Amino acid sequence: MAAEKEIVRLENVGLQYGSGPEVLRDISLSLAAGSFHFLTGASGAGKTSLLRLLYLAVRPSRGSLHLFDQDVSSIGRKQKPALRRRIGVVSREFGLIAHLTAAENVALPLRVSNARETQIRDYVTELLRWVGLGQDLDELPSALSDVQKQRVAIARAVIGRPDLLLADEPTGSVDDNAAIRLIHLLEELHKVGTTVLVATHNDSLVNRFGHPAYALDGGEMRRVGRVAGIRGARRPG
């Protein structure tokens, strides 16, 4: 049987901001195409920094990072947009533009890529219906609940049909029941082939869904099964 195709590979990666201490140390990680993983750890453990590396917002200070079989250290600035279009990003702050409707917020990535307006309208409507917001197309973010805002953010992140979806604390602003529904929504994306990496400090959520998980602690990574903080963590073997 052929080996699963890697979509992400980090080898002994370190990340340092300026002259400060390393915030990530000796990170090695492999994500297969179509996989679903959690990234757990307390606030300040380095989860957001790792996702920023994967989104090409920062470069590793050392080690190697490969995305979609490309060595990130060898690509130029002009090549980054093409890679980024293959990556969707969701954050806990939603990042919605206040004066745009739900549909207009979701349509932004397609408009940037100069898609046809008829295509934009049909696809945005279909996607917002799929995430349960078919009746809220014309609502401004101020009229939406936090759960609805996060669903809009997820729809915007995936409208370009990314190969990789990075979710940074996507359930941090909602209650436990809403968090479960949001993870179920991300699982639906995973079922159609998107590789999903969800960063969260909610260990009970990680345990409930049972997907493979990595834990960051003090900038170092461990592979974990069930998590309670990082107790019981085991190193990959």
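Conventions and cut-offs
- Counting restarts for each chain, with residues numbered from 1 along the sequence as it is written.
- Two thresholds apply to this predicted model, a pLDDT of at least 70 for residue-level local features and 80 or more for giving and counting side-chain atom pairs, whereas whole-chain, interface and lining totals are computed over all residues.
- Each side-chain value is worked out from all heavy atoms of the structure, with water and hydrogens disregarded.
- Reported domain spans reflect what an automatic or database domain assignment gives.
- In what follows, a contact means two residues having at least one pair of non-hydrogen atoms within 4.5 Å.
- Buried area adds together the accessible area that both of two parts lose upon being put together, with accessible area traced by a 1.4 Å probe.
- In what follows, salt bridge is the name for a side-chain nitrogen of Lys or Arg lying within 4 Å of a carboxyl oxygen of Asp or Glu.
- Any pair of N or O atoms that falls within 3.5 Å is considered a polar contact. Within protein, one atom must be able to donate a hydrogen and the other to accept it, and sequence-neighbouring residues count only if both atoms are side-chain atoms.
- Gly is put with the polar residues, along with every residue not named as nonpolar or charged; the nonpolar set is Ala, Val, Leu, Ile, Met, Phe, Trp, Tyr, Cys and Pro, and the charged set is Asp, Glu, Lys and Arg.
- Classification of residues uses two cut-offs on accessible area relative to the type maximum, computed with a 1.4 Å probe and protein chains only: under 20% is buried, over 50% is exposed, and between them is partly exposed.
- Strands are runs of DSSP state E lasting at least 2 residues, helices are runs of H or I lasting at least 4, and numbering of each runs from the N terminus.
- If DSSP finds at least two bridges between two strands, the strands pair.
- The convention used is that axes are lines fitted to C-alpha atoms, helices contributing only their stretch in contact, and that angles between N-to-C directions extend from 0 to 180 degrees.
- Within this scheme, the nonpolar core is defined by two criteria: the residues are buried Ala, Val, Leu, Ile, Met, Phe, Trp, Tyr or Cys, and they are joined through side-chain atoms within 4.5 Å.

**Considerations on the domain arrangement of the protein**
What the domain assignment lists for the protein is domain 1 (6-86 + 162-230) and domain 2 (92-148). The interface of domain 1 with domain 2 comprises nine residues on the first partner and six residues on the second. The junction of domain 1 with domain 2 conceals about 760 Å² of combined surface from both sides, 67% of it contributed by carbon and sulfur atoms. On inspection of domain 1 and its partner domain 2, the count reaches zero salt bridges. For the pair domain 1 and domain 2, the number of links is zero residue pairs in polar contact (both at pLDDT 80 or more). Split by residue class, the side of domain 1 that touches domain 2 holds four nonpolar, two polar and three charged.

**Overview of helix α3 (residues 102-112)**
Note on helix geometry: an α-helix contains 3.6 residues per turn, so any two residues three or four positions apart are oriented the same way. Among the residues making up α3, those that are buried are Ala102, Ala103, Asn105, Val106, Ala107 and Leu110. The elements touched by buried residues of α3 are α4 (117-130) and α5 (146-158). Count one or two residues on from α3 and you reach asparagine 114, which has phi positive near 65 degrees.

**Considerations on the sheet that holds strand β3 (residues 36-40)**
Pairing is mixed across the open sheet formed by six strands, whose spatial order is β6-β7-β8-β3-β9-β10. Because the sheet does not close on itself, it has two edges, and the strands there are β6 (87-91) and β10 (220-224). The mean angle between the axes of side-by-side strands here comes to 20 degrees, regardless of whether they run parallel or antiparallel. As judged from the five bridges shared by strand β7 (residues 164-168) and strand β8 (residues 195-200), these two strands associate in the parallel manner. Bridge pairing in β8 links leucine 166 to leucine 197. In this fold α5 packs onto β6 and β7, with an angle of close to 165 degrees to the strand it touches most, β6.

**Points about the nonpolar core**
Core analysis: the largest hydrophobic core is formed by 47 residues, its most contacted members being Leu128 and Leu186. Counting residues per element, this core draws most heavily on helix α6 (residues 176-191), at eight residues. Each of domain 1 (6-86 + 162-230) and domain 2 (92-148) contributes no fewer than three residues to this core. Contacts of leucine 186, omitting those with residues within four sequence positions, involve Phe36, Ile154, Leu165, Ala167, Pro170, Val196 and Val198. Core analysis: the next-biggest nonpolar cluster, separate from the first, contains 31 residues, Leu10, Phe68, Val72 and Leu83 among them.

**A closer look at the pattern of salt bridges**
Across all of its chains, the model carries nine salt bridges by this definition. Of the charged contacts, one joins glutamate 22 and arginine 62 as a salt bridge, the two residues approaching to 2.8 Å between their closest N and O atoms. On the criterion of sequence distance, the pair formed by glutamate 22 in strand β2 (residues 22-32) and arginine 62 in strand β4 (residues 62-67) is long-range, its members being 40 residues apart. A salt bridge links aspartate 163 to arginine 86; its shortest N-O distance comes to 2.7 Å. Pair noted here: aspartate 163 is in the loop between α5 and β7 and arginine 86 is in the loop between α2 (80-84) and β6, with a separation of 77 residues, a long-range link.

**Regarding the sheet that holds β2**
Strand order in this open sheet of four strands is β2-β1-β4-β5, and the pairing throughout is antiparallel. In this open sheet, the two strands that pair with only one neighbour each are β2 and β5 (70-71). Two elements, strand β1 (residues 6-16) and β2, share seven bridges in a ladder whose sense is antiparallel. Each residue of the ladder has a partner; that of leucine 10, found in β2, is leucine 29. Along the sheet face, helix α1 (residues 47-54) touches β1, β2 and β4 and points at about 125 degrees away from the line of β1.

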